[in-house]
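Descriptive analysis of the structure
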Amino acid sequence: MSLNSSALLNEENSQGRKRNTECLESLELQTPSSFQDNPLRQLQLASQEVLEKAKKSGRSKCPRCSSSRMFYCYTCFVPVETVPTKEIPTVKLPLKIDIIKHPNETDGKSTAVHAKLLAPDDVTIYKYPCIPEYEEKRHEIALIFPGPNSVSVKDIAFHLQKYSKKSVCDDDADCSREPFLKQAKIEPKEEEKNLNECTSSNRSEGTRLKKIIFIDSTWNQTNKIITDERLQGLLQIELKTRKTCFWRHQKGKPDTYLSTIEAIYYFLVDYHQEILKENYKGQYDNLLFFFSFMYTLIKNAKCCAGKE
């Protein structure tokens, strides 16, 4: 997403321009957390001073393609020259993420690149119709998409059991033992205990989520991707309790329809608590490093323009 703070102010006349400029200069002295109506204010983020400096210096060159960008290049997935990579936080994710981007989705408007910039080792972006083959691993993959058959995050493990390709203990060396009576040195009760442990272990391994898929497009464009035969049969997950803060929210759609980076962030928070069973302490907050900064920047500009 390419943003320029001056372009965000919709000036109608010279008097309006002066008022907006003065207002923006005043607001820039405040931190995002000073806005009580900012739903992102409690995030535990790395310092955004580097973004503040980049905003003041204006657009800069992409170190790879030399295109003029603000903050980062959305085609090369790298920060611009005024945003040193070492000053951008890196987030380690508990599983891999594939993002399938609609070919007509405007690169500069997409938040999917945020995930690639901030979690480069765990995120891969594909442009449709380029989609990996998921058929052989559907028992460890899920797709984030709201629909009649979607399940909640807490029910992932239960539903993934249906997608496991192998039956319990199938092809497992520890489970391919002779029948109980032919094993002379093992008591029946001990053998039964070992078998149950094997069964439990294989069920746990066989239903462990390893990759999650997100679709990056406008909601009106998703049908082309979601109906692709390569995605059919995958477990679908819906994030039903979160509300979007995205400034390009589409009219007529519920506020639970999230932007791509929001969906990734909120899924991981729920996954951390519901599946990993661990207390969440802000481990993934920096995924919203760029998003929260832009949210505040745009909200300030709209406030100055008298739109809020």
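Note that the structure is predicted; figures quoted are calculated from it, not measured.

1. Regarding the environment of D98
Assignment of secondary structure puts D98 in strand β5 (residues 96–101). Here D98 falls in the buried class, since its relative accessible area comes to 2%. For the pair D98 and I131, spaced 33 residues apart in the sequence, the C-alpha separation amounts to 9.2 Å. Leaving out residues up to four positions away in the same chain, D98 has contacts with T124, Y126, P132, Y134, K211, I212, I213 and F214.

2. Quick word on the pairing of strand β6 (residues 123–127)
On a regular strand, one side chain projects to one face of the sheet and the next to the other, so that they alternate. Pairing of β5 with β6 involves five bridges; the strand directions are parallel. If you follow I100 over to β6, its bridge partner there is Y126. Taken together, β5, helix α3 (residues 112–118) and β6 form a β-α-β motif whose crossover is right-handed.

3. Some remarks on the packing of aromatic side chains
Per the stated rule, a full pass over the model turns up seven aromatic pairs. A centroid spacing of 5.6 Å and a plane angle of 90° characterise the contact between F71 and F293, whose relative ring orientation is edge-to-face. Highlighted residues: F71 in the loop between β2 (68–69) and β3 (72–73) and F293 in helix α8 (residues 289–304), separated in sequence by 222 residues. The exposure class of F71 is buried, given its relative accessible area of 2%. We classify F293 as buried; its relative accessible area is 5%. Among the aromatic residues, those joined into a cluster by ring pairs are Y72, F289 and F290. Across from the ring centre of Y74, 4.1 Å away, lies the NZ or CZ of R69, which sits over that ring.

4. Here's the deal with the environment of P129
You can see P129 is positioned in the loop between β6 and β7 (141–144). For P129, a relative accessible area of 54% gives the class exposed. Taking the C-alpha atoms as reference, P129 lies 8.8 Å from K101; in sequence the two are 28 residues apart.

5. Regarding the pattern of salt bridges
As enumerated under the stated definition, the model contains nine salt bridges in all. As a salt-bridge pair, K55 and E52 come within 3.3 Å of each other at their nearest N and O atoms. Of this pair, K55 and E52 both sit in helix α2 (residues 49–57), three residues apart, which is roughly one turn of the helix. The exposure class of E52 is partly exposed, given its relative accessible area of 25%. Salt-bridge contacts for K211 lead to D98; the nearest nitrogen and oxygen are separated by 3.4 Å. Of this pair, K211 sits in strand β8 (residues 211–216) while D98 sits in strand β5, and the two are 113 residues apart along the sequence. On the accessibility criterion, K211 (23% relative accessible area) is partly exposed.

Conventions we followed
- Residues numbered from 1 in each chain as written.
- Predicted model: local features only at pLDDT ≥ 70, side-chain atom pairs only at ≥ 80, totals over all residues.
- Heavy atoms only, no water.
- Helix = DSSP H or I, 4+ residues; strand = E, 2+ residues; numbered from the N terminus.
- Buried < 20%, exposed > 50% of the residue type's maximum accessible area, 1.4 Å probe, protein only.
- Contact = heavy atoms within 4.5 Å.
- Pairing = 2+ DSSP bridges.
- Right-handed = clockwise from strand over helix to strand, strands pointing away.
- Phe/Tyr/Trp six-rings, centres within 6.5 Å; stacked < 30°, edge-to-face > 60°.
- Lys NZ or Arg CZ within 6 Å of the ring centre and 35° of its normal.
- Salt bridge = Lys/Arg side-chain N within 4 Å of Asp/Glu carboxyl O.

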